[in-house]
Amino acid sequence: MNEQQAGDSLPSEEHHEGAFRPMSELIEAHEQNIDISRGGPHHGEFIEQVRGLMDRVRLASPSDELAVETIGLLKQLNDKLDAAIVDEWSTPNWTRHDLPGRGNITLPPFVFDHVGRDGVEARITFRTFHLGGNNAAHGGMVAVGFDDLLGMAAAVYAGQVTRTASLTVDYRSITPLRTELQVRAWAERQEGRKVYVRATLHDGDRLCAEAHGLFITLKPGQP
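Residues numbered from 1 in each chain as written. Predicted model: local features only at pLDDT ≥ 70, side-chain atom pairs only at ≥ 80, totals over all residues. Heavy atoms only, no water.

Engineer: In this structure, what is going on with a nonpolar patch on the surface? I would like to understand it.
Structural biologist: Taken together, the side chains of Phe46, Leu53, Val57, Leu74, Leu77 and Leu81 define a hydrophobic patch exposed on the protein surface, amounting to about 470 Å² of accessible area. Those elements that place two or more of their residues in the nonpolar patch are α3 (43–59) and α4 (64–81). Within the fold, Leu53 resides in helix α3. Here Leu53 falls in the partly exposed class, since its relative accessible area comes to 38%. (Patch = residues over 30% accessible without salt bridge, like charges linked within 9 Å, V, L, I, M, F, W, Y side chains within 5 Å. Areas by Shrake-Rupley, 256 points an atom, 1.4 Å probe, with all protein chains shown as cover. Salt bridge = Lys/Arg side-chain N within 4 Å of Asp/Glu carboxyl O. Helix = DSSP H or I, 4+ residues; strand = E, 2+ residues; numbered from the N terminus. Buried < 20%, exposed > 50% of the residue type's maximum accessible area, 1.4 Å probe, protein only.)

In structure tokens:
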């Protein structure tokens, strides 16, 4: 996603005291160019290895010996990562639009194909970690993906930072795991601070789910 696509949807200096208070790098990205260097050149692989761990843990049933050994290793790793902890506004997730899901491990990974005022198109993959049952994605994880991409569509359409006011998901068929799916999200209209949005999730020609929601543009300083 480039600077023109991001546009005024990035947090601006006006929101400095609100929930989307940006660091100086974000303000600079908004005014000049998006910085994708935060986290360094290995951040993508770092996130992928974490996702791989999450996938394995989702289905793991370790022996007592393996569990004890793994707990020790994870404690060591957590101690090492303590030295890398930064505040919310300094994390790479704000700027790493070059990575699937912006490198945010809480999101199902997705890759943008188009971002504009006419809508957002992306490819999303629900991994083993997102399992609900019978090799299908958990409905809550589908909602998480919709929420983030609808928020992007609302923000780009309005040219302002937005928050979710309501989100309704209709599940039309099974959402498969480990399959690249197509998501389209778009704003239908804006009334004052209210932005009404819709989205669809497809596996080829098959509709897996669709959503509609209401997002609210934030006032300067509003959390």
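Engineer: Even after reading the chapter, I still don't get the side chain of Arg96, so can you show me in this structure?
Structural biologist: Mapping Arg96 onto the fold places it in the loop between α4 and β1 (110–116). Setting aside its immediate chain neighbours within four residues, Arg96 contacts Ile36, Ser37, Arg38, Gly39, Gly40, His43, Arg102 and Gly103. (Contact = heavy atoms within 4.5 Å.)

Engineer: Explanation requested: α3 in the structure shown.
Structural biologist: What sets the pattern is the α-helix's 3.6 residues per turn: residues three or four places apart point alike. Taking 1.5 Å of rise per residue, the 17 residues of α3 would be expected to cover 24 Å, and the 25 Å separating its terminal C-alpha atoms lies within 8% of that figure. Among all positions in α3, only His43, Ile47, Arg51, Gly52, Met54 and Asp55 are buried. (Expected span 1.5 Å × (residues − 1).)

Engineer: What exactly am I supposed to notice about the pattern of salt bridges here?
Structural biologist: Pairing is possible between side chains that carry opposite charge, provided their charged atoms lie close to one another. A complete count under the given rule lists 11 salt bridges for this structure. Between Glu48 and Arg127 there is a salt bridge; the shortest N-O distance is 3.1 Å. Placement of Glu48 in helix α3 and of Arg127 in the loop between β2 (119–125) and β3 (131–133) is noted, with a sequence separation of 79 residues between them. Glu48 gets classed as partly exposed once you look at its relative accessible area, which sits at 34%. Here Arg189 and Glu191 are joined by a salt bridge, their closest N and O atoms 2.9 Å apart. Note on Glu191: relative accessible area 42%, which makes it partly exposed. In the salt-bridge network here, residues are joined through shared partners; they are Glu48, Asp55 and Arg127.

Engineer: What am I meant to see in the packing of aromatic side chains here?
Structural biologist: Any pair of aromatic rings gets described here by the distance separating the centres and the angle formed by the planes. Taken as a whole, this structure holds 1 aromatic pair when the rule is applied. With a centroid separation of 5.3 Å and an interplanar angle of 70°, the aromatic rings of Phe110 and Phe112 are classed as edge-to-face. Note on accessibility: Phe110 and Phe112 belong to one class, buried. The aromatic ring of Tyr157 is capped on one face by Arg117, whose charged end is 4.0 Å from the ring centroid. (Phe/Tyr/Trp six-rings, centres within 6.5 Å; stacked < 30°, edge-to-face > 60°. Lys NZ or Arg CZ within 6 Å of the ring centre and 35° of its normal.)

Engineer: So what exactly am I meant to see when it comes to the sheet that holds strand β7 (residues 194–203) here?
Structural biologist: Hydrogen bonds between backbone groups are what pair the strands of a sheet, and the pairing can be parallel or antiparallel. Pairing within the open sheet is antiparallel, and its 6 strands lie in the order β1-β2-β6-β7-β8-β5. Only two strands of the sheet have a single partner each, and these edge strands are β1 and β5 (162–171). Neighbouring strand axes in the sheet, compared pairwise and without regard to direction, differ in orientation by 20° on average. Pairing geometry for β2 and strand β6 (residues 180–191), over 6 bridges, is antiparallel. Bridge pairing in β6 places Thr125 opposite Glu180. (Pairing = 2+ DSSP bridges. Axes fitted to C-alpha atoms, helices over the stretch in contact; angles between N-to-C directions.)

Engineer: Teacher, can you tell me more about the nonpolar core here?
Structural biologist: Note that soluble globular proteins tend to have their nonpolar side chains buried in a common cluster. Phe112, Phe126, Phe146, Leu150 and Leu201 are the most contacted members of the largest nonpolar core, which has 35 residues in total. Counting only elements with at least two residues in this core, the list comes to β1, β2, α5 (139–158), β6, β7 and β8 (206–217). A total of 11 residues in this core trace back to one element, the largest contributor, which is α5. With residues near it in sequence (within four places) discarded, Leu150 still touches Leu167, Ala185, Val197, Arg198, Ala199, Ala211 and Phe215. (Core = buried A, V, L, I, M, F, W, Y, C linked by side-chain atoms within 4.5 Å.)

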